[in-house]
Amino acid sequence: MTPGRTAAHLLLVVLGALTGAAGVLVHAAWFPGGLLLALLAAAGVFYGSLYATGAKAGVGASAAGWLVAVVLLTVSRPEGDLLVGGSAVSYAYLLGGMAVAVICATMTEPPRPAAGRARLGK
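Keep in mind that what you see is a predicted model, and the values were worked out from it rather than measured. (Residues numbered from 1 in each chain as written. Predicted model: local features only at pLDDT ≥ 70, side-chain atom pairs only at ≥ 80, totals over all residues. Heavy atoms only, no water.)

A look at the packing of helix 3 (residues 56-74) against helix 4 (residues 88-105)
Where helix 3 contacts helix 4, the two axes come as close as 9 Å, and the packing angle between them is 170°. Judged on the interaxial angle alone, helix 4 and helix 3 are roughly antiparallel. Contact with helix 3, carried on its side by K56, V59, A63, W66, V70 and T74, involves Y93, L94, G97, M98, A101, C104 and A105 of helix 4 and no other residues of that element. Broken down by class, the residue content of the contact of helix 3 with helix 4 amounts to ten nonpolar, two polar and one charged. (Axes fitted to C-alpha atoms, helices over the stretch in contact; angles between N-to-C directions. Helix = DSSP H or I, 4+ residues; strand = E, 2+ residues; numbered from the N terminus. Parallel < 35°, antiparallel > 145°, perpendicular 65-115°, else oblique. Contact = heavy atoms within 4.5 Å. Nonpolar A, V, L, I, M, F, W, Y, C, P; charged D, E, K, R; others polar.)

Written out as structure tokens, the structure is:
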């Protein structure tokens, strides 16, 4: 793996973690718009990572970051505060995000334009 590809995957892990943390904060705030916004953001990051890297490992990197952030934010604090409660909306966000990650990971790679196919001016 080249250093550029490694850096891209690390960036995707961070991007997935940021998306997961933002989704945790938004999913229950404006029901149902917050849930839809959080799931659409996760889908955008997962599919965008597939498209950007051209490989399923990109989806794995962003999904790993998303999952780590979400799991870390579901742990209750010593004060008893919770960011992700036991409501149906929270379960929909957790399961929906994982389902979107699996769907994007099982998609075929996006088509790449072939070099030299288009001949302009002839």
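Structure shown, so let's carry the discussion forward.
Some words on the side chain of S49
Structurally, S49 is set in helix 2 (residues 33-53). Note on S49: relative accessible area 1%, which makes it buried. A polar side-chain atom of S49 sits 3.1 Å from a polar atom in the side chain of S62. Each residue touching S49, except ones within four places of it in the same chain, is listed here: L12, G54, A55, G58, V59 and S62. (Buried < 20%, exposed > 50% of the residue type's maximum accessible area, 1.4 Å probe, protein only. Polar contact = N/O pair within 3.5 Å; in protein donor to acceptor, adjacent residues only side chain to side chain.)

What about the environment of L67?
One can find L67 in helix 3. Along the primary structure L67 and G20 are separated by 47 residues, whereas in three dimensions their C-alpha atoms are 7.1 Å apart.

Re the packing of helix 1 (residues 3-26) against helix 3
As a packed pair, helix 1 and helix 3 sit with axes 7 Å apart at the nearest point and diverge in direction by 40°. Relative to helix 3, helix 1 is oriented oblique. Regarding helix 1 and helix 3, the two cross each other, and that crossing is right-handed. Along the contact surface, helix 1 presents H9, L12, V13, G16, A17, T19, G20, A21 and V24, while helix 3 presents A57, G58, A61, S62, G65, W66, A69, V70 and L73. Each residue belonging to the contact of helix 1 with helix 3 can be placed in one class, and the counts come to eleven nonpolar, seven polar and no charged. (Left-handed = near helix turned anticlockwise from the far one by under 90°.)

Points about the nonpolar core
If you look at the biggest cluster of nonpolar residues, it comprises 18 residues, and the most contacted ones within it are F46, W66, V70 and Y93. Those elements giving two or more residues to this core turn out to be helix 2, helix 3 and helix 4. Not counting chain neighbours up to four residues away, the residues in contact with W66 comprise G16, A17, T19, G20, A42, F46, Y93, L94, G97 and M98. (Core = buried A, V, L, I, M, F, W, Y, C linked by side-chain atoms within 4.5 Å.)

What about the environment of L72?
Positionally, L72 belongs in helix 3. Judged by relative accessible area, L72 falls into the exposed class, the value being 60%. Sequence separation of L72 and A21 is 51 residues, and the distance between their C-alpha atoms is 9.2 Å.

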